[in-house]
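Letter by letter, the chains look like this.
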Amino acid sequence: MKKQDGKQLLLVGFTLFSMFFGAGNLIFPPGLGAQAGIHTWPAMAGMAISAVGLPVLGVVAVARSGGLDALGGRVHPMFARVFTVAAYLAIGPCLAIPRTASTSFEMAVPPFAGPDAPLELLRLLFSLAFFTGALLVALRPEKLTDRLGKVLCPILIALIVVTFVGCLLNPLEGYGPPQTASYETHPVIAGFLAGYQTMDTIAALVFGIVIALNLRARGVQDERDVVRGTIRAGWVAGAMLLAVYSMLAHVGALSGGAFPGASTNGAVVLTNLVSALFGVPGSLLLAAIFLIACFNVCVGLISSCAEYFSGLWPRLPYRAWAALFAAVSLLIANAGLDQILRVSVPVLSILYPVAIVLIALSFFQRWLCGLRLVYPAAVLFTGAASILYTLRDLKLLPAGLGDVLGLLPLAAQGLGWLLPALAGTLLGVALSRLRPTS
């Protein structure tokens, strides 16, 4: 049985990094730097937990559990199906895949189009070409390591490093003051919550299927070696994410200091700085970074979603699912980036806490295997709290209930679900010991 050597490990790790690193990963770290200012590094520590640590742990959890369906099945088979489908749709055609085209369009076309350019028509043509190219690459998912890991990922990293080095050699200003109250008073928590928007913890739960496919395509057949290779690829990708996020946060903080109050949108933050440093070539450089990063993620997401749904409903083959997801994403992408981001916040506010609790519990499985009510109780309490807090933030709850929810610890910082999650876990332990299973 062939095992994975160091070179293969690095390539598969590059592939996983490429699948993670897309629109949100480019937008949110520099946006964090611009908003946090002198508190950038505490805020970056928080983002590192939610946007690097949790995704790596998610890859490990799913690999060790035998897949997201198996992990979710510890709650209930119906939950496993519903949550898995919701996760795939969220990081797939409903939110994340359309965001890749919308973000790359915003960076690659309007800056170079004239003031009278028909942007809506250009958006449609761009997204059509973008998704056609991504679909063609995604039709061979076992080849992603060769196409993403060997070619596009090194180009992407080189372009980001060039931008970072330019900021080191020609710093415009120092870090400015924090732009929002949350980064002034609770920068770590604010950074942690900002990491939700990368969607990487949810993506980590579904990328394992494609990474395992690429490992097997490279001759690694023993299931234990596939699991080990997937976990190691997760650590490689995590280290790369942390390095790149740190560079982008620094760039964003410099941009925020040089252009205070210009924008909290990470794309605009980056545009301001590279234009000031490099002029028109800088805008071309940034457009290339966004285009490659978003294309990589789009390919990875189409592949992951099509692999899952073709296994779930095999009457429609993998290629047909891939084409369907590309077509749906094309339609949604033309709604525009702002609309997509507006919808993603409440969806992620519900899914993310549940994903975090599932990942956390998986690392205690050795002690929980005889306590069958822990997973259901913990997820029930977490999911209920997440839904209630999301409805409160959308102003869809009665004021009195919203006030009660605000009394829970860390509710003001967006982490009010933590106490219900802990309470559900403890209740599950107690009930399991009262009603032992055979």
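The structure this text deals with has already been given above.
Residues numbered from 1 in each chain as written. Predicted model: local features only at pLDDT ≥ 70, side-chain atom pairs only at ≥ 80, totals over all residues. Heavy atoms only, no water.

Some thoughts on the overall build of the protein chain
Then step 1. Within the protein chain one finds 20 helices and zero strands.
Then step 2. Relative to the globule expectation of 22 Å for 438 residues, the C-alpha radius of gyration of the protein chain, 22 Å, shows essentially globular dimensions.
Then step 3. On the principal axes, the C-alpha backbone points of the protein chain span a range of 70 × 55 × 40 Å.
Then step 4. Sorting the 438 residues of the protein chain into buried and exposed places 55% on the buried side.
Then step 5. Once local pairs closer than 6 in sequence are excluded, the contacts in the protein chain between residues at least 24 apart make up 81%. (Helix = DSSP H or I, 4+ residues; strand = E, 2+ residues; numbered from the N terminus. Rg over C-alpha atoms; globule rule 2.2 N^0.38 Å. Buried < 20%, exposed > 50% of the residue type's maximum accessible area, 1.4 Å probe, protein only. Contact = heavy atoms within 4.5 Å.)

Digging into the packing of helix 3 (residues 40-65) against helix 10 (residues 187-194)
Then step 1. One can describe the packing of helix 3 onto helix 10 by two numbers: an axis separation of 6 Å at closest approach and a directional angle of 35°. Note on packing geometry: the crossing formed by helix 3 with helix 10 is right-handed. Across the interface between the two elements, Pro-42, Ala-43, Gly-46, Met-47, Ile-49, Ser-50 and Leu-54 of helix 3 pack against Pro-187, Val-188, Gly-191, Phe-192 and Ala-194 of helix 10.
Then step 2. Residues that form the contact of helix 3 with helix 10 fall into these classes: nine nonpolar, three polar and no charged. (Axes fitted to C-alpha atoms, helices over the stretch in contact; angles between N-to-C directions. Left-handed = near helix turned anticlockwise from the far one by under 90°. Nonpolar A, V, L, I, M, F, W, Y, C, P; charged D, E, K, R; others polar.)

A few points about the environment of Gly-53
Then step 1. Looking at the element boundaries, Gly-53 is found in helix 3.
Then step 2. Measuring from C-alpha to C-alpha, the distance between Gly-53 and Ser-127 comes to 32 Å, with 74 residues separating the pair along the chain.

Overview of the packing of helix 6 (residues 96-108) against helix 7 (residues 119-138)
Then step 1. Across the interface, helix 6 lies against helix 7 with an axial gap of 10 Å and an inter-helix angle of 125°. Judged on the interaxial angle alone, helix 7 and helix 6 are oblique. Helix 6 and helix 7 meet at a crossing whose hand is right-handed. Along its contact with helix 6, which presents Ile-97, Pro-98, Thr-100, Ala-101, Ser-104, Phe-105, Glu-106 and Ala-108, the element helix 7 presents Leu-119, Leu-122, Arg-123, Phe-126, Ser-127, Phe-130 and Phe-131. (Parallel < 35°, antiparallel > 145°, perpendicular 65-115°, else oblique.)

Examining the packing of aromatic side chains
The geometry of an aromatic ring pair comes down to the distance between the two centres and the angle between the two planes.
Then step 1. Within this structure, the stated rule accounts for 16 aromatic pairs.
Then step 2. Site record: aromatic cluster; members linked through ring pairs are Tyr-88, Tyr-308, Phe-309, Trp-313, Trp-321 and Phe-325.
Then step 3. Stacked on the ring of Trp-367, the Lys or Arg Arg-366 has its end atom at 5.4 Å from the ring centre. (Phe/Tyr/Trp six-rings, centres within 6.5 Å; stacked < 30°, edge-to-face > 60°. Lys NZ or Arg CZ within 6 Å of the ring centre and 35° of its normal.)

Focus on the pattern of salt bridges
Then step 1. Considering all chains together, one arrives at three salt bridges under this definition.
Then step 2. Close ionic contact of Glu-120 with Arg-123 constitutes a salt bridge, the shortest N to O distance being 3.9 Å. Taken together, the residues Glu-120 and Arg-123, both in helix 7 and three residues apart, mark about one turn of the helix.
Then step 3. Looking at Arg-123, the relative accessible area reads 10%, which means it is buried. (Salt bridge = Lys/Arg side-chain N within 4 Å of Asp/Glu carboxyl O.)

Observations concerning unusual backbone geometry
Then step 1. Of note in this structure, Lys-395 is not a glycine but carries a positive phi near 60°.
Then step 2. Checked against the element boundaries, Lys-395 lands in the loop between helix 18 (374-393) and helix 19 (399-405).

Overview of the side chain of Thr-201
Then step 1. Structurally, the position occupied by Thr-201 is in helix 11 (residues 200-217).
Then step 2. When its relative accessible area of 0% is taken as the criterion, Thr-201 is described as buried.
Then step 3. Leaving out residues up to four positions away in the same chain, Thr-201 has contacts with Ser-50, Leu-54, Pro-55, Tyr-352, Ala-355 and Ile-359.

Some details on a nonpolar patch on the surface
Then step 1. There is a patch of nonpolar side chains on the surface, built from Leu-380, Phe-381, Leu-427, Leu-431 and Leu-434 and spanning about 460 Å² of accessible area.
Then step 2. Only helix 18 and helix 20 (418-434) provide two or more residues apiece to the nonpolar patch.
Then step 3. The element best represented in the nonpolar patch is helix 20, accounting for three residues.
Then step 4. Relative to the helices and strands, Leu-427 is located in helix 20.
Then step 5. Assessed through its relative accessible area of 35%, Leu-427 is described here as partly exposed. (Patch = residues over 30% accessible without salt bridge, like charges linked within 9 Å, V, L, I, M, F, W, Y side chains within 5 Å. Areas by Shrake-Rupley, 256 points an atom, 1.4 Å probe, with all protein chains shown as cover.)

Considerations on the nonpolar core
Then step 1. Core analysis: the biggest nonpolar cluster contains 137 residues, and Phe-17, Phe-20, Phe-21, Phe-83, Phe-131 and Leu-358 have the highest contact counts within it.
Then step 2. Here the element with the most residues in this core is helix 14 (residues 280-312); it accounts for 18 residues. (Core = buried A, V, L, I, M, F, W, Y, C linked by side-chain atoms within 4.5 Å.)

Quick word on the environment of Thr-15
Then step 1. Its location among the elements puts Thr-15 in helix 1 (residues 6-20).
Then step 2. In this structure the C-alpha to C-alpha distance between Thr-15 and Phe-105, which are 90 residues apart in sequence, comes to 23 Å.

Function-wise, these values are silent; they only describe arrangement.
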